[in-house]
Structure formats: structure tokens, C-alpha cells
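One letter stands for each residue in the lines below.
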Amino acid sequence: MPRGRPIPALTLTPDERETLERWTRRPKSAQALAQRARIVLACAAGKSNTMVAAEYRVSQPTVGKWRGRFLRGRLDGLLDEPLLAEYSPDPHPFQRGSIACTGTEFCSLSIVETKNRQVRYSRWLKENVDLPEGIEDFHIHLSGCTASCAQPQIADVSLRGMKTRKDGEPVEALDIGLGGGLGENPNFADWVVQRVPADEVPGAIANLVAGFAEERSEGETFREFVVERDEEELAELCEPEETSYEDPYMHNTKQTWYPYAEEDDLDSSPAPSPADD
Ligand code: SF4
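If you're wondering where the values come from, they're calculated on a predicted model, not measured in any experiment. Along each chain, residues carry numbers from 1 onward, in the same order as the chain's sequence is written. Under the rules for a predicted model, residues below a pLDDT of 70 receive no local features and side-chain atom pairs below 80 are neither given nor counted, while totals for whole chains, interfaces and linings still include all residues.

Just to check I follow, could you spell out the environment of Glu105 for this structure?
One can find Glu105 in the loop between strand 1 (98-100) and helix 7 (115-128). Along the chain, Glu105 and Lys115 lie 10 residues apart, while their C-alpha atoms are 8.7 Å from each other. Each helix is a run of DSSP H or I of at least 4 residues and each strand a run of E of at least 2, with the numbering of both proceeding from the N terminus.

Whenever I open this one, helix 8 (residues 201-215) confuses me. Can you help?
One turn of an α-helix holds 3.6 residues; hence residues three or four places apart share an orientation. The terminal C-alpha atoms of helix 8 lie 21 Å apart, and with 15 residues this matches the ideal 21 Å at 1.5 Å per residue to within 8%. Buried, partly exposed and exposed are defined by the number of other C-beta atoms within 10 Å of a residue's own C-beta, namely 20 or more, between the two limits, and 12 or fewer respectively, with C-beta atoms placed from the backbone. Among all positions in helix 8, only Val201, Pro202, Gly203, Ala204, Ile205, Ala206, Leu208, Val209 and Phe212 are buried. By definition here, a helix of n residues has an expected span of 1.5 Å times n minus one.

Before we go on, may I ask you to explain the nonpolar core in this structure?
Looking at soluble globular proteins, one finds that nonpolar side chains tend to be buried together. As used throughout, a nonpolar core is a set of buried Ala, Val, Leu, Ile, Met, Phe, Trp, Tyr and Cys residues joined through C-beta atoms within 7 Å of each other. One finds Leu174, Ile176, Val201, Ala204, Ile205 and Cys238 to be the most contacted residues of the largest nonpolar core, which totals 40 residues. If you list the elements that add at least two residues to this core, you get helix 7, strand 2 (140-143), strand 3 (157-166), strand 4 (169-178), strand 5 (190-197), helix 8, helix 9 (222-227) and helix 10 (231-237).

Where do I start with the packing of helix 2 (residues 31-44) against helix 4 (residues 60-78) in this structure?
Describing two packed helices takes the angle between their axes plus the distance from one axis to the other. Axis separation between helix 2 and helix 4 bottoms out at 10 Å; the angle between their running directions is 100 degrees. The angle between helix 2 and helix 4 falls in the class roughly perpendicular. Contacts from Leu33, Arg36, Ala37, Ile39, Val40 and Cys43 of helix 2 reach helix 4 at Val63, Trp66, Arg67, Phe70 and Leu78. In terms of residue class, the contact of helix 2 with helix 4 is made up of 9 nonpolar, no polar and 2 charged. Between N-to-C directions, angles cover 0 to 180 degrees, with each direction set by a line fitted to C-alpha atoms, over the stretch in contact for helices. Working rule for angles: under 35 degrees goes down as roughly parallel, over 145 as roughly antiparallel, 65 to 115 as roughly perpendicular, anything else as oblique. Once C-beta atoms have been placed from the backbone, residue pairs whose C-beta atoms lie within 7 Å are recorded as contacts. Asp, Glu, Lys and Arg are counted as charged, while Ala, Val, Leu, Ile, Met, Phe, Trp, Tyr, Cys and Pro are counted as nonpolar; the rest, among them Gly, fall into the polar class.

As C-alpha cells, this is what we get:
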């Protein structure tokens, strides 16, 4: 005969289950949120608070708390903490797949601005580029020089800092590499387009993704798509282009740096402060 107070049954809709499972899988989800998602999934499997607590090495009141919060607020009940209100637990693939090295702000070897540029790139791509059906992850890594601290050679799109001239002016530029990745057939990227002015790189990535969406065979991953093509074809797909993306750091190399914007939209990304500030 069951002892103690009966616990309320917890059932999930298919959408809720899918979201919870996604939160448990993503290495970049907040780990506290991943743990809550696991607890709720275990409760939904019919396990008692005692069993769930033992399984995840947490206290029974902790299990009871998240069971109760989910029952009262559903998925929103698990997001009830200030950090998660500010930083999404489920960022866009272009944002969660972005990595940039230290760059000019703290590294004397860097040729270009990296972190703030990468933030702007990912925001612009999120707003302007649709990833094809079924592509949930897309990694873009940016290193400020050839030393590769952001590990660009194993990203879907590899970027490294360079310089070039545009309209007669020296500007910051990036080489674009493709074909890198880990897993079953690990490989380093080949640098298929070189010295692209930094403000034309988002256009190049947009063209590349559009070409991928148009030409891919059913279910083909981005990496499989790239492996099937030679360097010349890839360079054609990855054609640099000016777009609505604006880059305030084109001529500002090795001058002044600034904190990140608080708001997550393109316009709020801060412009560099003057060198003599
Ligand atoms: S990749 Fe180059 S610029 Fe970036 S942190 Fe490493 S040494 Fe510095």
C-alpha cells in the first residue's frame, strides 16, 4: 500500500517533451536548466520523488520543487530565474555555434577585431538567413590570426583574420575556410576564399547557406555537402557580397575596445569608442 501523500501525476505534451529533451542534450544549455529538464522527464516517466532524487543525486525537496513548478507553470516554470530571462536557454544555431578568439582586445598578435564582430555576424545571420530544414547546428569560428585559438579549422565555416584593401583603403578582412569538422572523418578546413573584406563575410555565408539549401540532396548535412564539392565550386557558392550588414570596425584595427551590448539586437552592438577616450 502506498505511503505518504500522493504526488500529482505529471504528463507531457509531445511539444513539451521535445523541448525538455532538447534542453537536456545541448551542451551549451544552462546546466541547471538541463538538470531541471531531466527531473521533469523522470517525473513524467512515473518515478517517485525519491527515485528521481536518487537518480540525479539531488534532494527530494529539489525534485518536489521542480515537479511543482512544472505543474503550475509548465515549461515557463523551469525558466524562473534572472539569468535565463537575460540569456536564452535555447539560442539560435548561429549564436550558439559561434566561437571567437580573444582578438585585438587582449591579444597583440591579432590582425582583426573578433568577439564583437562575431556577435554582430551571428545577430545579422539570425535575422537574415534561414537554415535549411533539419539543420539545428551551424558552427562558425573566428580566429584573429593564423594561430587558430578559436579552432576555426574544425568549424562548418572557418574564419581567420587578414588585411586587404577596399576602395583604396586598408581594411580588416577574413579568409573563409570550409570542410573542417570532428567526428567519424575528422578533417581540417581548406581556405577556399581569401581576404574577404569583413563587411562582405556575412553576405558570403548567406550565399553559401542559400546554395546549400538549393542544391543539397534530401537529408544531406552541411559537411557532407561540402565534402562532395571541390574548392572551385565551394568558392563560387561562397561569393562575398555587401548586404545590409554594417561593420563599424573595418578601419579601427588595434585601437579601442568596449564592453558587449546589453540588448541582443544588431543595432545595440556598441560602436568603438574613440582612441583617445
Ligand atoms: S588566434 Fe591569434 S589573435 Fe586569436 S587569441 Fe590566438 S594568437 Fe591571438
